[in-house]
Structure formats: C-alpha cells, structure tokens
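Here is what each chain is made of, one letter per residue.
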Amino acid sequence: MPGSEVHDETVLITGGAGFIGSHIADALTEHNDIRILDNFSTGSRENVPATATTIEGDIRDEKTLAAAMDGVDLVFHQAALVSVQQSVEQPEVSHAINVEATIEVLEHARKEDARVVAASSAAIYGEPQTVPVTESDPKTPTSPYGVDKLSLDHYLRLYHDLYDLETVALRYFNVYGPRQTAGDYSGVISIFKEQAMNGDPITVNGDGGQTRDFVHVDDIVHANLRAATTTHVGDAYNIGTGSSVTIQELAEAIRDVTNSASDIVHTDPRPGDIRHSCPDITKAREQLEYSPSVSLEDGLETLVQL
Ligand code: UD2
C-alpha cells in the first residue's frame, strides 16, 4: 500500500498544494498527521487532502515556517521557485526561496531532530558531458535555478555530515502527471497534451532531437517514500526512469494517444536548452530500492483520460 511504511508521524510537506507535494500528501494522509505549508502561488486548494492541516504562507516568512516546523518528525521539502526562466530574470528571488529558505528548514529540522527529504534537480548537472549521468558526474548548472538546487543538494549532505541530521536529496528529472498545469512555466507534456487536445499545432522547439527522461509523479512519490525510511541518509540520488526519448518522439506519442489531428511544427530552438538528459538510476535502485513502474506509454494513456 502506498506510504504504508510511514506511520503515525507528524509530516510537513512544504509546497504540499503543488503538483508533486500534493501527491506525496495523498500517499501519506491515511496513517499520518499531515501538515501542508504553501503560499498558493502555483499550488491549488483542490489538490490538498481534506484531512491535512494547511498553513498558508510564504516559506521565507520566519514565523510561518517556525509554526509549520513545530513538532515535526519528517519533512518533504518541495516548495521552490520552479521556473528556470524566472530564476534567470530574478536570481536573488530564486536564491532566497531555493537556498535561504532551505537552510531555515534544515535549522528547524536540527531542533526537532526531523528527517528532511528534499527536491533537488537534474538542473544541477547542466549540459552533461556524457549520458546517462551518475551522481558523481561534473556539475555545471546553466541557470540560477540549477546553482541554487546544487546548493540545496550540498546543504543537505552538509547538515548530515556536520550535525548528524537525517537528510536525503532526490534529483528529479522531467516529472509529469496529473495536476501539472499547462501554464507559462510547465512541463512540455502538459503543454503538448493541451495543444493536441485542442487541435492546435504541437510546438516542438528546434529540431526535436533533444532528449529527456520523463518520470511519472507516482514514481516520484515512491522515491520520496523510500527516502523517508532508508538507512542511506546524507546522500543524493538521481530519480527518473533511466531511459530518454526525443521531444519529436514525445510529440508524436502524444498526438497518437490523444487521437489528435494536430500538426507538429518546429519553432526556434529554446535558448539555453539542454541537448541530452538521462540519469543513471543504479544508485537509487540499489540503495533506496527505488524501482520506477510507470512506462511513458502508460503514463500518457492515463493522463489523457483525465
Ligand atoms: C526541466 C525542468 C526544470 C529543470 C531542468 C533541468 C520541468 C518542467 N522542468 O527543464 O525545472 O530541472 O529540467 O535541466 O520538468 N519543449 C518544446 N516545446 C514546448 C515546451 C518545451 O519543444 O512547448 C522542449 C524544450 O525545448 C525541452 C523539452 O521540451 O527540450 C523539455 O522542456 P521542459 O520545459 O518540459 O523541461 P526542461 O528539460 O527544459
């Protein structure tokens, strides 16, 4: 049963009204006391399970965070400024949310002796020299967002090494699934799905030969639950499926699965777009006993039925 290993705990999910955080909340709500901290800037009230306690506020606000962290056993830290583009425009805002607030979460966790499982990102690797990337490969982020997630990743390890805090960083690759919105900043799958279902042209940036590993949010939840109970703390893990597709293939797959007559059109390449991205997930398989279970085909199939 999902989440059955985590029982009778007071669990805080920062960003718990958002795409990923709300799915983690759903998996844990039956057997735990769930708290959600969210400022609803991108999250939504409909995503929050009815039994959860919601604390509305900004993670950068000291009093709000202190109230949210009081008495917690376990924290899933998902709150972030997730737009790479916004981080380029406002690096100081990205730093305040993605790094400074994370340090505050870790400081409170020290006082509470709470485990922290946090969302790191494939963005820390920048343009990989070789794929698949392993956790120890070079890290040359190409955006403030990537630099900030790399800091988060290091701080998690440091809080373990310096203060013996139980921490796990999960480096998410391209996550998709229900509740991902097709807004200004959102994943390509939600954008293509909307275009295909409306019969609009599906807009592939550049030649479509760029590759990504798309991992379903159910598998991301599974990785978080494994991280909540693992003995392998103080470490970071790639979380994806371990295999990539081209964006052209993705566009065709979404057109097929939606039975759409949309054209696939090619626009200018996106500046700064990474060409190839694919994780080696051996470490997560071996140490976390993480095992992705949703194929891209099945994930797309269920997504379009919603
Ligand atoms: C993902 C993450 C980002 C960061 C980054 C690290 C998402 C939503 N974003 O960015 O947070 O971790 O990885 O490298 O998971 N594309 C099109 N047409 C569109 C929109 C996108 O062709 O209308 C292409 C885009 O040029 C890119 C690919 O689809 O090649 C994926 O784009 P994305 O924005 O979903 O995610 P990505 O990999 O840039």
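The structure this text deals with has already been given above.
I will try to describe carefully the structure that is included in this document.

Rules used in this analysis
- As a convention, each chain's residues are numbered from 1 in the sequence order in which they are written.
- Residues qualify for local features only when their pLDDT is at least 70, as the model is predicted, and side-chain atom pairs are given and counted only at 80 or more; totals for whole chains, interfaces and linings, by contrast, use all residues.
- Heavy atoms throughout the structure, all of them, feed into the side-chain values; hydrogens and water do not.
- Axes here mean lines fitted to C-alpha atoms, for a helix over just the part in contact, with angles spanning 0 to 180 degrees between N-to-C directions.
- Helix and strand definitions here come from DSSP, where helices need a minimum of 4 consecutive H or I residues and strands a minimum of 2 consecutive E residues; each element is numbered from the N-terminal end.
- Any angle from 65 to 115 degrees is called roughly perpendicular, while one under 35 is roughly parallel, one over 145 is roughly antiparallel, and all others are oblique.
- Definitions for this section: a left-handed crossing has its near helix turned counterclockwise from the far helix by less than a right angle. A right-handed crossing has that turn clockwise.
- Residue contacts follow a heavy-atom distance rule, with two residues in contact if any of their heavy atoms lie within 4.5 Å.
- Should a side-chain nitrogen of Lys or Arg be within 4 Å of a carboxyl oxygen of Asp or Glu, the pair is scored as a salt bridge.
- Three labels apply to residues, based on accessible area from a 1.4 Å probe with only protein chains included: buried if under 20% of the type maximum, exposed if over 50%, partly exposed otherwise in between.
- To count toward a patch, a residue needs a relative accessible area above 30% and no salt bridge. Like charges then connect within 9 Å, nonpolar side chains (Val, Leu, Ile, Met, Phe, Trp, Tyr) within 5 Å.
- Each accessible area value is a Shrake-Rupley result obtained with a 1.4 Å probe; residue values ignore everything except the protein chains displayed when judging cover.

### Remarks on the packing of helix α8 (residues 247–257) against helix α10 (residues 296–305)
α10 packs onto α8 with a crossing angle of 45° between their chain directions and a minimal axis gap of 10 Å. Taken as axis vectors, α8 and α10 run oblique relative to one another. Our pair here, α8 against α10, has a crossing hand that is right-handed. Across the interface between the two elements, L250, A253, I254 and V257 of α8 pack against L296, L300, E301 and V304 of α10.

### Quick word on the pattern of salt bridges
Applying the stated criterion across every chain yields a total of 13 salt bridges. Note that R226 and E5 form a salt bridge whose closest N and O atoms lie 2.9 Å from each other. With R226 in helix α7 (residues 217–229) and E5 in the segment before β1 (10–14), the pair connects residues that are 221 residues apart, well separated along the chain. The class for R226 is buried, based on a relative accessible area of 16%. Residue R45 is joined to E56 by a salt bridge in which the shortest nitrogen-to-oxygen separation is 3.0 Å. With R45 in the loop between β2 (33–38) and β3 (53–56) and E56 in strand β3, this residue pair connects regions lying 11 residues apart in the sequence. If you follow the salt bridges from partner to partner, you end up with E5, R226 and E289 in one network.

### Some words on unusual backbone geometry
Along the chain, V131 connects to P132 via a cis peptide bond; the corresponding omega equals 0°. Along the polypeptide, P132 turns up in the loop between β5 (115–121) and α5 (144–163). Unlike most non-glycine residues, R179 shows phi in positive territory, near 80°. Residue position: R179 is located in the loop between β7 (174–176) and α6 (188–198).

### Thoughts on a nonpolar patch on the surface
Residues Y155, L158, L162 and Y163 make up a contiguous nonpolar surface patch of about 350 Å² in total accessible area. Structurally, L158 is set in helix α5. Given the relative accessible area of 32%, L158 is considered partly exposed.

### Thoughts on the environment of S295
With respect to the helices, strands and loops of the structure, S295 is situated in the loop between α9 (282–288) and α10. Once the C-alpha coordinates of S295 and V215 are considered, the two residues, 80 residues apart in sequence, prove to be 8.3 Å apart.

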